Amino acid sequence: MASFIGVAFGFVVVVLLQCAAAQTVHVVGDNSGWTILQGGAQAYTEWANGKNFVVGDILTFNFETNKHDVLRVQKTSFDACSSSNPIGDVITTGPVNFTLDSAGDHYYICTFSQHCQLGQKLAITVSSSGGTPGASPPPSTTPRLSPPPTSPSPTNTPAICPPDAPAGAHTSPSTPGAMGPNTSPPPPGSSSSKLLAGISVSTLAVIMGFLF
């Protein structure tokens, strides 16, 4: 029992480590951080191009507190640089981490003064699983089911007649219900012995499973 608990605990630890390793942290703007870049909004578009954002990844906004903020919004608010219809609250203390919790398009803006109009805005596309953004799904590999083979229709086979007995030979009449030397019924109890042996083997397997 103790060994089983140890194996189960080890399995859970491995799964948790794999999940943690699968997360990717994306630092917005890399070394430049979350600010007004010289290239405007196009600079953040180029930063996001080619990156694979997956549900569970972390988006990090590095900015100086009280000089910038970050707010997730819907597309209409993103295009208009408006804080209306926000998704969550404005975060004014940097740096801040956003966990990408859903697939689809995510939009972020800075609500300070005219920062959004000057290009401090980011749009990304999050996928539900890993892979190259925009790649087409792999073709289906489901095998085709072939029709079952048709069994040939039975043909009438003429009965084979026994050879005629020679003239004068003595034939004994068949006795209904008579049994030949090889037609004796099986000894009683043979099926019960097989059933008892099967139950014994199954019980022994269960006991060995609990012990080891």
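Our subject is the structure that appears above.
On a predicted model such as this, the values are computed, not experimentally measured, just so you know.

### Digging into the packing of aromatic side chains
The geometry of an aromatic ring pair comes down to the distance between the two centres and the angle between the two planes.
At step 1: By the definition in use, this model includes 7 aromatic pairs.
At step 2: Summarising the aromatic geometry, the rings of tryptophan 47 and phenylalanine 53 are spaced 6.0 Å apart at their centres and angled 45° between planes, so their arrangement reads as tilted. Accessibility classification places tryptophan 47 together with phenylalanine 53 in one group, the buried group.
At step 3: Through successive ring pairs, a cluster of aromatic residues spans Trp34, Tyr44, Phe61, Phe98 and Tyr108.
At step 4: For lysine 121, the ring lying beneath its charged end belongs to phenylalanine 78, and the centroid distance is 4.3 Å.

### Some words on the sheet that holds strand S2 (residues 53-54)
At step 1: Spatial ordering of the open sheet is given by S2-S7-S6-S4, a layout of 4 strands whose pairing is mixed. Each end of this open sheet is capped by a strand with a single partner; those strands are S2 and strand S4 (71-73).
At step 2: With 2 bridges joining them, S2 and strand S7 (residues 121-127) adopt parallel strand pairing. Each bridged residue has a counterpart across the sheet, and for phenylalanine 53 the counterpart in S7 is valine 126.
At step 3: Helix H2 (residues 41-48) rests against S2 and S7 of the sheet, and its axis sits at about 20° to S7.

### What about the nonpolar core?
Nonpolar side chains in soluble globular proteins tend to end up buried together.
At step 1: Counting residues in each nonpolar core, the largest one holds 19 residues, and the members touching the most others are Trp34, Leu59, Phe61, Tyr108, Leu122 and Ile124.
At step 2: Among all residues touching leucine 59, those that are not within four sequence positions of it are His26, Val28, Trp47, Phe53, Val96, Asn97, Phe98, Leu100, Tyr108, Leu122 and Ile124.
At step 3: In this structure, Leu71, Val73, Cys81 and Ile109 belong to the second largest nonpolar core, which totals 7 residues.

### Some remarks on the sheet that holds strand S1 (residues 25-27)
At step 1: Pairing in this open sheet of 3 strands is mixed, and the strands run S1-S3-S5 from one edge to the other. Strands with a single pairing partner mark the edges of an open sheet, and in this sheet they are S1 and strand S5 (96-99). Put simply, the sheet's adjacent strands are angled 25° from each other on average, direction ignored.
At step 2: As paired strands, strand S3 (residues 58-61) and S5 are joined by 4 bridges and run antiparallel to one another. Across the sheet, residue threonine 60 finds its bridge partner in S5, namely asparagine 97.

### Description of the environment of glutamine 38
At step 1: Locating glutamine 38 in the fold gives a position in the loop between S1 and H2.
At step 2: C-alpha separation for the pair glutamine 38 and leucine 118, spaced 80 residues apart in sequence, amounts to 9.2 Å.

### Overview of unusual backbone geometry
At step 1: Cis rather than trans, the peptide bond between glycine 94 and proline 95 has omega equal to -5°.
At step 2: Locating proline 95 in the fold gives a position in the loop between helix H3 (75-80) and S5.
At step 3: Phi is positive for asparagine 85, which is not a glycine, with a value near 50°.
At step 4: When you line up the elements, asparagine 85 lands in the loop between H3 and S5.
At step 5: Positioned with a positive phi, serine 113 is a non-glycine residue whose angle comes to about 45°.
At step 6: Mapped onto the fold, serine 113 is located in the loop between strand S6 (104-109) and S7.
At step 7: Among the residues examined, serine 113 registers a relative accessible area of 62% and is labelled exposed.

About the cut-offs
One numbering rule holds for all chains: residues counted from 1, following each sequence as written. Local features in this predicted model are restricted to residues whose pLDDT is 70 or higher, and side-chain atom pairs enter the listing and the counts only when it is 80 or higher, whereas totals over whole chains, interfaces and linings include all residues. Only heavy atoms go into the side-chain values, all of them from the structure, while hydrogens and water stay out. Each Phe, Tyr or Trp ring (for Trp, its six-membered ring) is paired with any other whose centre lies within 6.5 Å, and the angle between the two planes then decides the class: stacked below 30 degrees, edge-to-face above 60, tilted in between. Each residue's exposure class comes from its accessible area (1.4 Å probe, protein chains only) as a fraction of the maximum for that residue type: buried when under 20%, exposed when over 50%, partly exposed otherwise. By definition, being over a ring means that NZ of Lys or CZ of Arg is both within 6 Å of the ring centre and within 35 degrees of the ring normal. Strand pairing is assigned whenever DSSP detects at least two bridges linking the two strands. Only DSSP runs of H or I with at least four residues qualify as helices, and only runs of E with at least two residues qualify as strands; both kinds are numbered from the N terminus onward. Whether two residues are in contact is decided by their heavy atoms: any pair within 4.5 Å suffices. An axis is simply a line fitted to the C-alpha atoms; with a helix, the fit covers only the stretch in contact. Between two such axes, the angle follows the N-to-C directions and lies from 0 to 180 degrees. Here the nonpolar core consists of buried residues drawn from Ala, Val, Leu, Ile, Met, Phe, Trp, Tyr and Cys, with membership extended through side-chain atoms lying within 4.5 Å.

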